[in-house]
Amino acid sequence: MVSAIDPDKFRTLIDINARLNSSYTNFRSLLKAIVESAARLVGAEAASLALFDAATETLRFEIALGPRGLELQGKSIPATEGIAGWVYQNSKSIIVNDAAHDQRFSPTISKEIAYSTNSILAVPLKVKDKTEGVIELINKTSHCLFMADDLEWVEIFAVQAGIAFENAKQFERTEHELTYLQQKVQEEQGWHPLVFSSKVMQERLDLVKRVAPSDASVLILGESGVGKELIAEQLHLLSRRAEKPFVRVNCAALPENLLESELFGHVKGAFTDAISNRAGRFEAADGGTIFLDEIAELPLRLQAKLLRVIQQKTFERVGSSETIKVDVRIIAATNRDIEKLVQNQEFRSDLYYRLNVLPIHIPPLRERLDDIPPLAEHFLLKYARETNRGIMHFSDSAVQCMMGYSWPGNIRELENAIERAVLIAKGNLITADDLMIGNKAEPSYKQFEGKDLKEAIILFKRHYIQASLEQNRWNQTETARHLQIQRTYLSRLIKELNILQNKE
């Protein structure tokens, strides 16, 4: 123990402990407080905290203070390298007052940041006998050397720091989990089973399994209702982030000013209704995955901010200049022709290329007919149970009707049709009439004779959109909501397809 109690250092240690106990609710602030306090306790010129990253088996300098702190922060070294590596591997404290001549010293980092390391004091940061990282103090001020008393004081401090570290980690895990669960409850969304039997979907799932372990961004493409969110869920569940949050954001559901706050959070007073600090979805997803649905609807200004998150993994809350660092995998999805949007300068090309590292295209339901029977059975069982209808079945005519329908709304439309059929069916057998599909919104097959696929799709779109417009009395806002597309996109389709209102 310390040979003689230094009253000043003892009071400093008490002050430091009080500070640590008041900082545990903010993990990043706590780490900074640990480093600042250790440097203050022994009068070090520079200080850092390196935490062990099991995935890469490295020590990452999470916090670094001093003349070259900014250059050091964020760098990593092998967990077996240098003085810090030795302390981590042996879980022992050390003083090295002539670093250049110590065989354990690695000059690599010092050279990279152009900072001369003369003396080092390093202690392990332990939590329940497990070493989480290393507190490293560099060059005692006034060109003095670190002494044995310095080491003992820092070791005493490190015990309290370890307790605060564990409390902060637990608080952070609990806070993120609560945020995640609140979102799940509010959105009434859980994990969805991926039901299919077609070869094309098996190929997509095989691709998902190969892509999931990577942290690269994924762009999921496909029409509305094909199951893009389910693919995003599988990417998360099959990744190393599976135990971390999966946060969903619909970029088309909120206006621009609210969307920025939803994504990145805000500080108190940032705008009229900002009555308190609020963490955004990216903070909630830290360590896990964020799913950005309808990414093509993201305003250009926010596209630039998202690009920075992808490239640097940093952002600021609305109204704040403090930089927040997150480790989040981004999965995006859109039903729009995003390449065309890029060509028309409606979507940033640099963001598109960063999102499109691993593209996955989900074909519409009409191109994977083998998936209709198992999906139909899945929805039938679900809604029959929910409505206490007992065991229900499809008639042969109902199956033929479902297999012959083009399903412009894809899986979402199929689910809605079956839910409706369960409610209106007179018995336990679902008939073709109960499904209520195949009306005038769907053109006769004879209209497609002699046409190639592109012409047939254009013709189908024209008939279907015109029928939807008539159904909604040519109210484009209501029609867009019915079709589950953006109103601007509907207006563009009306113009491109030359759809005219009958004035009779």
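A quick note: this is a predicted structure, and the numbers were derived from the prediction, not measured.

Caption draft 1: Seen up close, a nonpolar patch on the surface. A surface patch of nonpolar side chains, amounting to about 250 Å² of accessible area, comprises Trp-191, Leu-237 and Leu-238. As for its placement among the helices and strands, Leu-237 is situated in helix α8 (residues 228-237).

Caption draft 2: Quick look at the packing of helix α7 (residues 199-211) against α8. Two elements in contact, α7 and α8, have axes separated by 8 Å at closest approach and are oriented at 35°. Crossing angle aside, the handedness with which α7 passes α8 is right-handed. Across from Met-201, Leu-205, Val-208 and Val-211 in α7, the residues of α8 making contact are Ile-231, Gln-234 and Leu-235. When grouped by side-chain class, the residues that make up the contact of α7 with α8 number 6 nonpolar, 1 polar and no charged.

Caption draft 3: Local environment of the environment of Ile-16. Tracing the chain through its elements places Ile-16 in helix α1 (residues 7-21). In this structure Ile-16 comes out as buried when scored by relative accessible area, which is 0%. For the pair formed by Ile-16 and Gln-160, sequence separation is 144 residues and the distance between their alpha carbons is 9.4 Å. Filtering out sequence-adjacent residues up to four positions away, Ile-16 remains in contact with Ser-37, Arg-40, Leu-41 and Phe-157.

Caption draft 4: Representation of the side chain of Lys-228 within the structure. Among the structural elements, Lys-228 can be located in helix α8. Of the buried charged residues, Lys-228 lacks a salt bridge, with Asp-293 as the closest side chain of opposite charge at 5.4 Å. From its side chain, Lys-228 meets the backbone oxygen of Glu-223 in a polar contact 2.9 Å long. For Lys-228, the contacting residues outside a window of four places in its chain are Ile-220, Leu-221, Gly-222, Glu-223, Phe-291, Ala-333, Thr-334 and Asn-335.

Caption draft 5: How the structure looks around the sheet that holds strand β9 (residues 289-293). Pairing is parallel across the open sheet formed by 5 strands, whose spatial order is β8-β9-β12-β7-β13. Each end of this open sheet is capped by a strand with a single partner; those strands are β8 (246-250) and β13 (358-361). Taking the axes of each pair of neighbouring strands and ignoring which way they run, one obtains an average angle of 20° across the sheet. α8 rests against β7 (218-221), β8, β9, β12 (329-334) and β13 of the sheet, and its axis sits at about 155° to β7.

Caption draft 6: Fine view of the pairing of β9. Within β9, 5 of the 5 residues are buried, leaving the element largely enclosed by the surrounding structure. Burial along β9 is two-sided: Thr-289, Phe-291 and Asp-293 facing one way and Ile-290 and Leu-292 facing the other are all buried. Bridge analysis of β8 against β9 gives 5 bridges, and the strand direction is parallel. The partner of Val-249 across the bridge, within β9, is Leu-292. With 4 bridges joining them, β9 and β12 adopt parallel strand pairing. Bridge pairing links Ile-290 to Ile-330 in β12.

Caption draft 7: Main features of the sheet that holds strand β3 (residues 76-78). With antiparallel pairing, the 6 strands of this open sheet are ordered in space as β3-β2-β1-β6-β5-β4. Looking at the sheet topology across the chains shown, the edges are occupied by β3 and β4 (94-96). Direction aside, the axes of adjacent strands within the sheet are offset by 25° on average. Here strand β2 (residues 58-65) runs beside β3; their pairing, made up of 3 bridges, is antiparallel. Paired with Leu-59 across the strands is Ile-77, a residue of β3. Contacts between helix α4 (residues 82-90) and the sheet are confined to β1 (44-53), β2, β3, β4, β5 (120-127) and β6 (130-140), with β6 contributing the most and set at about 145° to the helix.

About the criteria used
- Position numbers for residues start from 1 in each chain and track the written sequence from start to end.
- Per-residue local features of the predicted model are confined to residues with pLDDT of at least 70, and side-chain atom pairs are confined, for both listing and counting, to 80 or more; whole-chain, interface and lining totals are unaffected and use all residues.
- Only hydrogens and water are set aside when side-chain values are computed; all heavy atoms of the structure are taken into account.
- Patches in this entry comprise residues that are over 30% relatively accessible and not in a salt bridge; like charges within 9 Å are linked, as are nonpolar side chains (Val, Leu, Ile, Met, Phe, Trp, Tyr) within 5 Å.
- We get accessible surface area from the Shrake-Rupley algorithm with a probe of 1.4 Å; when it comes to residues, only the shown protein chains can shield them.
- Any carboxyl oxygen of Asp or Glu that lies within 4 Å of a side-chain nitrogen of Lys or Arg is treated as forming a salt bridge with it.
- Secondary structure elements are taken from DSSP: a helix is a run of H or I of four residues or more, a strand is a run of E of two residues or more, and numbering for both begins at the N terminus.
- Angles shown run from 0 to 180 degrees and are taken between the N-to-C directions of axes, each axis being a line fitted to C-alpha atoms and, for helices, limited to the stretch in contact.
- Crossing handedness is read from the near helix: turned anticlockwise from the far helix by less than a right angle, it gives a left-handed crossing, and turned clockwise, a right-handed one.
- In this description, contact between two residues means that some pair of their heavy atoms is separated by no more than 4.5 Å.
- Put simply, Ala, Val, Leu, Ile, Met, Phe, Trp, Tyr, Cys and Pro go in the nonpolar bin, Asp, Glu, Lys and Arg in the charged bin, and everything else, Gly too, in the polar bin.
- For each residue, the accessible area found with a 1.4 Å probe, counting protein chains only, is set against the maximum for its type, and the residue is called buried under 20%, exposed over 50%, and partly exposed in between.
- The convention is simple: Lys and Arg are positive, Asp and Glu are negative, and His and the chain ends are not counted.
- Counting of polar contacts relies on pairs of N or O atoms within 3.5 Å, with two restrictions inside protein: one atom must be capable of donating a hydrogen and the other of accepting it, and residues adjacent in sequence are counted only when both atoms are side-chain atoms.
- If DSSP finds at least two bridges between two strands, the strands pair.

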